[in-house]
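Chains, contacts and geometry: an overview
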Amino acid sequence: MIYGATGYTGSMIVQHALDAGLQIIIAGRNQQKLAAMTSEKNVPFRAFGLDDPDLTDKALADIHVVINCAGPYRYTARPLMEAAIRQKIHYMDVAAELDSYQLAETLDKQAIEAGVMLLPGCGGSVAMLGCLAAHAAARINAPLHLSLALNVTGTMSRGSVVSATGNLSTECLIRRNGHLMQRESTELKEIDFGQGPQACFPVTLPDLITVWKATGIADIETFVHITGEGFPQGEPANLPDGPTVQELERNRYQAVAEIMNAEGNTLRLLLDTVNGYSFTAMAAAEAARRILAGESSPGFQTPVGLFGKDFAETIADTRVTEM
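Here goes a summary of the coordinates provided. Everything quoted here is computed from the prediction, not taken from an experiment. (Residues numbered from 1 in each chain as written. Predicted model: local features only at pLDDT ≥ 70, side-chain atom pairs only at ≥ 80, totals over all residues. Heavy atoms only, no water.)

We now examine the overall build of the protein chain. Of regular secondary structure, the protein chain possesses twelve helices and 16 strands. Here the C-alpha atoms of the protein chain give a radius of gyration of 19 Å, agreeing with the 20 Å that 2.2 N^0.38 yields for 323 residues. The buried share of the protein chain, reckoned over its 323 residues, is 54%. At a minimum sequence separation of 6, the contacts of the protein chain that also span at least 24 residues come to 70%. Total accessible area on the protein chain is roughly 14200 Å²; 48% of this is exposed by carbon and sulfur atoms. Taking the average location of the 24 positive side-chain charges in the protein chain and that of its 36 negative ones, the two points are 3 Å from each other. (Helix = DSSP H or I, 4+ residues; strand = E, 2+ residues; numbered from the N terminus. Rg over C-alpha atoms; globule rule 2.2 N^0.38 Å. Buried < 20%, exposed > 50% of the residue type's maximum accessible area, 1.4 Å probe, protein only. Contact = heavy atoms within 4.5 Å. Areas by Shrake-Rupley, 256 points an atom, 1.4 Å probe, with all protein chains shown as cover. Lys, Arg positive; Asp, Glu negative; His and termini not counted. Charge placed at Lys NZ, Arg CZ, Asp CG, Glu CD.)

Burial along strand β4 (residues 65–68) is two-sided: Val-65 and Ile-67 and Val-66 and Asn-68, pointing in opposite directions, are all buried. Where strand β1 (residues 2–3) meets β4, two bridges bridge the pair, whose relative direction is parallel. If you follow Ile-2 over to β4, its bridge partner there is Ile-67. Running through helix α4 (residues 73–87), the crossover from β4 to the neighbouring parallel element strand β5 (residues 90–93) is right-handed. (Pairing = 2+ DSSP bridges. Right-handed = clockwise from strand over helix to strand, strands pointing away.)

Looking now at the packing of helix α7 (residues 124–138) against helix α11 (residues 276–292). Relative orientation and spacing of two packed helices are given, respectively, by the angle between their axes and the distance between those axes. Their axes nearest at 8 Å, the elements α7 and α11 cross at an angle of 85°. The angle between α7 and α11 falls in the class roughly perpendicular. Contacts between α7 and α11 involve Gly-124, Ala-127 and Met-128 from the first element and Gly-276, Phe-279 and Thr-280 from the second. Among the residues forming the contact of α7 with α11, the class breakdown is three nonpolar, three polar and no charged. (Axes fitted to C-alpha atoms, helices over the stretch in contact; angles between N-to-C directions. Parallel < 35°, antiparallel > 145°, perpendicular 65-115°, else oblique. Nonpolar A, V, L, I, M, F, W, Y, C, P; charged D, E, K, R; others polar.)

Now for unusual backbone geometry. Each neighbour pair has its own omega, and for Gly-71 with Pro-72 the value is -5°, a cis peptide bond. Residue position: Pro-72 is located in the loop between β4 and α4. A positive phi angle, near 60°, is found at Lys-88, a position not held by glycine. Tracing the sequence through the fold places Lys-88 in the loop between α4 and β5. By relative accessible area, which is 58% here, Lys-88 ends up exposed. Its identity as a non-glycine residue notwithstanding, Ala-316 has a phi of 50°, on the positive side. Owing to a relative accessible area of 42%, Ala-316 belongs among the partly exposed residues under this scheme.

Function cannot be inferred from these measures alone, as they are strictly geometric.
Pasting the structure below:
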């Protein structure tokens, strides 16, 4: 089941899932939009909200895997994760919000006991940066400190704007000695994405949790550089659904991992890939295909922990190179 299927990212995941030959059911709150997609894609749909656990359980009763594409995830992750545990089905999402990952940590024991996998961030920066970080960690002895930076290009989808707006007050966090703590949001860092140094600002990315879980590196900080139009102005309701096909094709994403060990040795790796929305949709569909084929492990998991450090490079023409 793809919940939130009629949204910008959800509809992209639907198409990639169909291209991969997966048997899907689309779902969400808006029956009219779902019916229109059903007519276009020839797939069944189920319309339901998430405020009634009994209705949610009923809708998921014959499902094997649910992908949550309905942000903001602070409203949708808990009811769907808890329903997945009750129904003993695997949960995935494409959240960029920290809440979804902290919740998965909290529900880890319950999920293990139920034999259920919780895989937030099956696409997007969590898959990109997780694989990049794992490549970096494997190439240096006893890594201690890791800086991760994402170069976000092009325009944002309406759903991303809504989610980001709701999380603007979130603390700017860093991982130090294995613990999350607050940091100054004005501490810029110069990072080269292949076109010369760019000023990047610190942000709280879920990779502070997922990369720590996958690599055990005690000190992790995350940065973003926005290239292009930046954060859209105006009311979210008046914004377009998301970037056009042409905008996606001309706006590739890059990410950098800078890793250092106790001896002061430093390594820098660059990941270059398709636009973040395209990568997210393709990675989510590929993750679902692999999970349905039997690749799963109960409890809170990460894409790199489940599929290995080469997972990102199986998506489109993603490349990892040393700088």
